[in-house]
Amino acid sequence: MRERLVISVSGKGGVGKTTISALLTRIVTEKTKRDLLVVDADPVMNLPRALGIEVQKSVGSIATRLRQDIDNGTYSGEVAKQDVLEGEIFEALVENPKFDFLAMGRTEGEGCYCYVNRLLTQILDTLSQNYEITLMDMSAGLEHLSRRTNRNVDVLIIVVDPSRAAYEAALRIRDLAKEVHIEFKKIVVIGNRIPPDMENDLRMKLEAEGLELVGMIPSDEELSRANYRGESLFELDGKSLAVKASDSIAEKLGLLSEATLLRLLGQEN
Ligand SMILES: Nc1ncnc2c1ncn2[C@@H]1O[C@H](COP(=O)(O)OP(=O)(O)O)[C@@H](O)[C@H]1O
Ligand SMILES: [Mg+2]
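For clarity, every value in this text was computed on a predicted model and none was experimentally measured.

A. Geometry of the sheet that holds strand E2 (residues 36-40). Taken in spatial order, the eight strands of this open sheet run E3-E4-E2-E5-E1-E6-E7-E8, and their pairing is mixed. What marks the edges here is a single partner per strand, and that holds for strand E3 (94-95) and strand E8 (212-217). The pairing of E2 with strand E5 (residues 133-137) spans five bridges and is parallel. Following the sheet pairing, Asp-40 is matched in E5 by Asp-137. Strands in contact with helix H8 (residues 199-208) are strand E6 (155-160), strand E7 (186-192) and E8; relative to E8, the strand with the most contacts, it is inclined by about 150°. Sheet contacts for helix H10 (residues 241-252): E7 and E8; angle to E8, the most-contacted strand, approximately 155°.

B. A look at the pattern of salt bridges. The tally for this structure, following the rule as stated, stands at 14 salt bridges. Across the salt bridge formed by Arg-34 and Glu-132, the nearest N and O atoms sit 3.3 Å from each other. Here Glu-132 lies in the loop between helix H5 (114-128) and E5 and Arg-34 lies in the loop between helix H1 (17-31) and E2, a separation of 98 residues in the sequence. Side by side, Arg-34 and Glu-132 carry an identical accessibility label, which is buried. Where Asp-201 meets Lys-205, a salt bridge forms, and the shortest distance between an N and an O atom there is 2.7 Å. Here Lys-205 and Asp-201 lie together in helix H8, a separation of four residues that amounts to about one turn. The class for Asp-201 is partly exposed, based on a relative accessible area of 41%. For Lys-205, a relative accessible area of 37% translates into the label partly exposed.

C. Looking closely at the packing of aromatic side chains. Tallying each qualifying case throughout the model produces one aromatic pair. Between Phe-99 and Phe-234 the ring centres are 6.2 Å apart and the planes differ by 5°, which places this aromatic pair in the stacked class. Taken together, the residues span a long stretch of sequence, with Phe-99 in the loop between E3 and strand E4 (100-103) and Phe-234 in the loop between helix H9 (221-228) and H10 at a distance of 135 residues. A relative accessible area of 6% places Phe-99 in the buried class. Look at Phe-234 and you get partly exposed, because its relative accessible area is 29%.

D. Structural view of the nonpolar core. In terms of nonpolar packing, the biggest core is built from 59 residues, with Ile-7, Leu-24, Leu-51, Phe-101, Ile-157, Ile-217 and Leu-255 touching the most fellow members. Among residues more than four places away in sequence, those in contact with Ile-217 are Ile-20, Leu-23, Ile-190, Gly-191, Asn-192, Arg-193, Ile-194, Ala-242, Ala-245, Ser-246 and Ile-249. Counting 21 residues, the second-largest nonpolar core is a separate cluster that includes Leu-37, Leu-85, Ile-123 and Leu-124.

Cut-offs applied
Residues numbered from 1 in each chain as written. Chains lettered and ligands numbered in written order. Predicted model: local features only at pLDDT ≥ 70, side-chain atom pairs only at ≥ 80, totals over all residues. Heavy atoms only, no water. Pairing = 2+ DSSP bridges. Helix = DSSP H or I, 4+ residues; strand = E, 2+ residues; numbered from the N terminus. Contact = heavy atoms within 4.5 Å. Axes fitted to C-alpha atoms, helices over the stretch in contact; angles between N-to-C directions. Salt bridge = Lys/Arg side-chain N within 4 Å of Asp/Glu carboxyl O. Buried < 20%, exposed > 50% of the residue type's maximum accessible area, 1.4 Å probe, protein only. Phe/Tyr/Trp six-rings, centres within 6.5 Å; stacked < 30°, edge-to-face > 60°. Core = buried A, V, L, I, M, F, W, Y, C linked by side-chain atoms within 4.5 Å.

So, in structure tokens, the structure goes:
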């Protein structure tokens, strides 16, 4: 059986999670034929634009309707709810030639519908079984970790930019991941827009905290221009700094060859 890898991209707001998720998606689809599911788990839903795709339905909107139906007493049996939700989520799946995409969106309404959340987690777990790689662009908040909606995450990527807040958020995310006993095979840090003269210092600080800096994405003017024009990161020149840097990060994470992936998964963090 082939290995299945689930990767979450986490970190403080604005550090570059969506950018890095889109760059990794581009590299994996350009360089491999691996089955890839990309999930936008941030309710703000910036990832579709970065990937240049259109999304009609989110899981959140489907779940909201299910909640209303439960409140109205439309559903009687447990099985019915799970089936309905599962069926509809397959409808929300956007199938592209090179990867599939799912937007989690947000559920509306007061209070926590833990039942619906639990169903969503189960369905996402089941869905990701069908893909070699599931890549999730997470929200800035830490609640996705404490609610354990990504239980089977293998690799946690924490993105930091050159700010104290991003660094402190990275340590908090790591601690929280441990507290809720999410079993990460590996937790790594990607530095985004870190000035070259800060790199060594950051690497050492992270190492002292037991965190590995796997790579850096430089500040890229071409990326800024593309973003400003509303273009996807697939339209960015392959020679641009950010694309080249994400290529070597993908390689290092073992996303481009099965052999490295197996080695990576054999490695305990
Ligand atoms: N390396 C980079 N070079 C230039 N612009 C970047 C870079 N990384 C991120 N950005 C820009 O910074 C903004 C925030 O990035 P984003 O990926 O949306 O952050 P997050 O998803 O963590 O909130 C976006 O406008 C993005 O285009
Ligand atoms: Mg984002």
